[in-house]
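Results of the structural survey
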Amino acid sequence: ETGVTQSPTHLIKTRGQQVTLRCSSQSGHNTVSWYQQALGQGPQFIFQYYREEENGRGNFPPRFSGLQFPNYSSELNVNALELDDSALYLCASSTGQGFYSPLHFGNGTRLTVT
Amino acid sequence: DAKTTQPNSMESNEEEPVHLPCNHSTISGTDYIHWYRQLPSQGPEYVIHGLTSNVNNRMASLAIAEDRKSSTLILHRATLRDAAVYYCILRDKGNTPLVFGKGTRLSVIA
């Protein structure tokens, strides 16, 4: 089975710009979540989408937004980039079924804001 | 969210067993104990999860204390490929997000 793939792998942006990160979920998975991981820290939950609707959000400002498409691929958009947005952004997919489903993570997009 | 406490780092010799501890004294009755690991330059990877009983899979074993206030992830024979950050996470039943701490950085010495 094809795993979770993210693009691009690395990206450099300037403060104030906007960025779009992309994620292709694992086949059969209808739930996608995004995490931000600063250097030396554990990943922090940004938000989650289930069947194209946001159904959970962490402590991130509205300039972090997302989309999930009918084929369950997903985008993370960040507006008005700040230096502190420099981090590894991880996408994870799951089946969203039943009482529990493990998350399958991609290898992330490393974003550097200068 | 109920929190977990793990040692910052641990070291093991190759081909020896490794016991990674996790304390979760405020665990609730519906919290499952999950373990993920993150190898260098990769995203986190699911390892194992359990509720009350000890669990085994091809990657590891999970031993859960009778009062559920602590647990131990057991790697039966550490290999160099097991060098990673290991995260112990409590997750309520349902499709809730994972709350990561800083985890335990495991080094494996050849």
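Reading guide: rules and limits
- Residues numbered from 1 in each chain as written.
- Chains lettered and ligands numbered in written order.
- Predicted model: local features only at pLDDT ≥ 70, side-chain atom pairs only at ≥ 80, totals over all residues.
- Heavy atoms only, no water.
- Phe/Tyr/Trp six-rings, centres within 6.5 Å; stacked < 30°, edge-to-face > 60°.
- Helix = DSSP H or I, 4+ residues; strand = E, 2+ residues; numbered from the N terminus.
- Buried < 20%, exposed > 50% of the residue type's maximum accessible area, 1.4 Å probe, protein only.
- Core = buried A, V, L, I, M, F, W, Y, C linked by side-chain atoms within 4.5 Å.
- Disulfide = S-S within 2.5 Å.
- Pairing = 2+ DSSP bridges.
- Axes fitted to C-alpha atoms, helices over the stretch in contact; angles between N-to-C directions.
- Salt bridge = Lys/Arg side-chain N within 4 Å of Asp/Glu carboxyl O.

Another aspect to go through is the packing of aromatic side chains. In this structure the tally under the stated criterion is 10 aromatic pairs over all chains. An angle of 75 degrees between the planes, with centres 5.7 Å apart, marks the rings of Tyr36 of chain B and Tyr46 of chain B as edge-to-face. Of this pair, Tyr36 of chain B sits in strand β3 (residues 31-38) while Tyr46 of chain B sits in strand β4 (residues 45-50), placing them 10 residues apart in sequence. Take Tyr36 of chain B: its relative accessible area is 0%, and that puts it in the buried class. Three or more aromatic residues link up through ring pairs in this structure, and these residues are Tyr35, Phe45 and Phe105 of chain A together with Tyr36, Tyr46, Tyr87 and Phe100 of chain B.

Our next topic: the nonpolar core. One finds Leu20, Ile33, Trp35, Leu73, Leu75, Tyr86 and Leu106 of chain B to be the most contacted residues of the largest nonpolar core, which totals 21 residues. Ranked by size, the runner-up nonpolar core spans 19 residues in total, among them Val4, Cys23, Ile46 and Leu76 of chain A.

According to the stated counting rule, one finds 2 disulfides over all chains in the structure shown. Between the sulfur atoms of Cys23 of chain A and its disulfide partner Cys91 of chain A the distance amounts to 1.8 Å. With the S-S dihedral at roughly -60 degrees, the linkage between Cys23 of chain A and Cys91 of chain A falls on the left-handed side. With Cys23 of chain A in strand β3 (residues 19-24) and Cys91 of chain A in strand β9 (residues 87-94), this residue pair connects regions lying 68 residues apart in the sequence. Two residues share a disulfide in this structure: Cys22 of chain B and Cys88 of chain B, whose sulfurs sit 2.1 Å from each other. The sign of the -85 degrees torsion about the S-S bond sets the Cys22 of chain B-Cys88 of chain B disulfide as left-handed. With Cys22 of chain B in strand β2 (residues 18-23) and Cys88 of chain B in strand β8 (residues 84-92), this residue pair connects regions lying 66 residues apart in the sequence. In this structure Cys22 of chain B comes out as buried when scored by relative accessible area, which is 1%. What makes Cys88 of chain B buried here is its relative accessible area of 1%.

Moving on, we come to the sheet that holds strand β1 (residues 9-13) of chain B. All names here are of chain B. The mixed open sheet is built from 5 strands, whose spatial order is β1-β9-β8-β3-β4. With one partner strand each, in any of the chains shown, β1 and β4 form the two edges of the open sheet. When the angles between neighbouring strand axes are averaged without regard to direction, this sheet yields 25 degrees. As paired strands, β3 and β8 are joined by 8 bridges and run antiparallel to one another. Note that in β8 the partner of Tyr32 across the bridge is Arg91.

Here we take up the pattern of salt bridges. With the rule as written, the count across this model stands at 7 salt bridges over all chains. Between Arg63 of chain A and Glu82 of chain A there is a salt bridge whose closest N-O contact spans 3.3 Å. Taken together, the residues Arg63 of chain A in the loop between β6 (53-57) and β7 (64-68) and Glu82 of chain A in the loop between β8 (74-78) and β9 connect sequence positions 19 residues apart. One salt bridge in this structure joins Arg37 of chain B and Glu45 of chain B, with 2.9 Å as the shortest N-O distance. Given a relative accessible area of 28%, Glu45 of chain B falls into the partly exposed group. Several salt bridges share partner residues, and in doing so they unite Arg63, Glu82 and Asp85 of chain A into one network.

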